[in-house]
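As a plain string of letters, each chain reads:
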Amino acid sequence: MKVAVCPGSFDPITSGHLDVIERGAYLFEKVVVGVFEKTEKNPLFSLDERIGFIESAIKENSKLSNVEVESFNSLLIDFAHRHKACAIIKGLRAVSDFEHEFQMAQFNRKLDKSIETIFVMASPKYAYLSSSAVKEIAKFGGCIEGLVTKEVEKGFRKVFKL
Ligand code: PNS
């Protein structure tokens, strides 16, 4: 079975992430979304919340029926091995993403060249979208409709007491 992993902090998952995951799910027989536990970015949402948002998005979208979600707290390449994945799927929004993604892809390739990193170009409508921008807009009460799922909107209302 052709399996890919799609890793990230997902703090929280955005419509842009879901677009990349959906396109990965079309290309592979199974996609395992890997939620990195010990992100250094001091997440707004707990690990359970970040996973819960992804689980509910999967349940609501029939195009994600071959997608699973799991946390990891290890090297990404080891997470990929555990799932017998042959590929890592990442989204690329702008040239500014490239340098960091290029470095990670090279490191991962050095660790195991049999696992290919595949980049999916962000759909134009999500090319500007990031979890950090959404967090900032939500914090100041701006409209984030369409940028995240309803569950994530609810999560923001709870955290920011909106
Ligand atoms: O959503 P993010 O924060 O850009 O995701 C970054 C992530 C989780 C994909 C990256 O930090 C990662 O792969 N971490 C796992 C540890 C690892 O393997 N590091 C070496 C790759 S350079």
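Above: the structure in question.
All values reported here derive from a predicted model rather than from experimental measurement.

**Q** Can you break down the site of the ligand residue by residue, with the values?
**A** Contacts to the ligand come from 13 residues, most closely from Gly 8, Ser 9, Lys 41, Leu 75 and Leu 76. Separating an oxygen atom of the ligand from a backbone N or O atom of Leu 76 is a distance of 2.7 Å. For the ligand, whose unbound accessible area comes to 550 Å², protein coverage reaches 76%. The cavity where the ligand resides is the largest pocket. Tallying contributions element by element places helix α4 (residues 95–111) first for the shell around the ligand, with three residues.

**Q** Kindly report on the sheet that holds strand β2 (residues 30–36), identifying the contributing residues and their values.
**A** Spatially, five strands are ordered β3-β2-β1-β4-β5 in an open sheet, and the strand pairing comes out parallel. Strands with a single pairing partner mark the edges of an open sheet, and in this sheet they are β3 (67–72) and β5 (116–121). Direction aside, neighbouring strands of the sheet carry axes that sit 30° apart on average. The pairing of strand β1 (residues 3–8) with β2 spans six bridges and is classified as parallel. Bridge pairing in β2 links Val 5 to Val 32. Strands β1, β2, β3, β4 (87–92) and β5 of the sheet are contacted by helix α1 (residues 15–27), whose axis makes an angle of about 140° with β4. Where helix α2 (residues 47–60) meets the sheet, its contacts fall on β2 and β3, and the angle it forms with β3 comes to roughly 175°.

**Q** Go over the state of the cysteines with me, naming the residues and quoting the values.
**A** The full count for this structure, using the stated rule, is zero disulfides. Free of any disulfide, Cys 6 has its nearest neighbouring cysteine sulfur in Cys 86, separated by 14 Å.

**Q** Any details on empty space enclosed by the protein? Residues and values, ideally.
**A** Throughout the structure, instances matching the rule amount to one cavity of 30 Å³ or more. Along the walls of the largest cavity sit Leu 76, Ile 88, Lys 90, Glu 101, Met 104, Ala 105, Asn 108 and Thr 117, which together make up its complete lining. Among the secondary structure elements, those contributing two or more residues to the lining of the largest cavity are β4 and α4. Considering every element that reaches the lining of the largest cavity, the biggest residue donor is α4, with four residues. The residue inventory of the lining of the largest cavity, partitioned by class, reads four nonpolar, two polar and two charged.

Cut-offs used in this document
Residues numbered from 1 in each chain as written. Predicted model: local features only at pLDDT ≥ 70, side-chain atom pairs only at ≥ 80, totals over all residues. Heavy atoms only, no water. Near = heavy atom within 4 Å. Polar contact = N/O pair within 3.5 Å; in protein donor to acceptor, adjacent residues only side chain to side chain. Areas by Shrake-Rupley, 256 points an atom, 1.4 Å probe, with all protein chains shown as cover. 1 Å grid on protein atoms, 1.4 Å probe; cavity = no way out; pocket = protein on both sides within 12 Å on 5 of 7 lines; lining within 4 Å. Sits in = over half its atoms within 2 Å of the grid points. Helix = DSSP H or I, 4+ residues; strand = E, 2+ residues; numbered from the N terminus. Pairing = 2+ DSSP bridges. Axes fitted to C-alpha atoms, helices over the stretch in contact; angles between N-to-C directions. Contact = heavy atoms within 4.5 Å. Disulfide = S-S within 2.5 Å. Points joined across faces, edges and corners; volume = space filled by probe spheres on them. Nonpolar A, V, L, I, M, F, W, Y, C, P; charged D, E, K, R; others polar.

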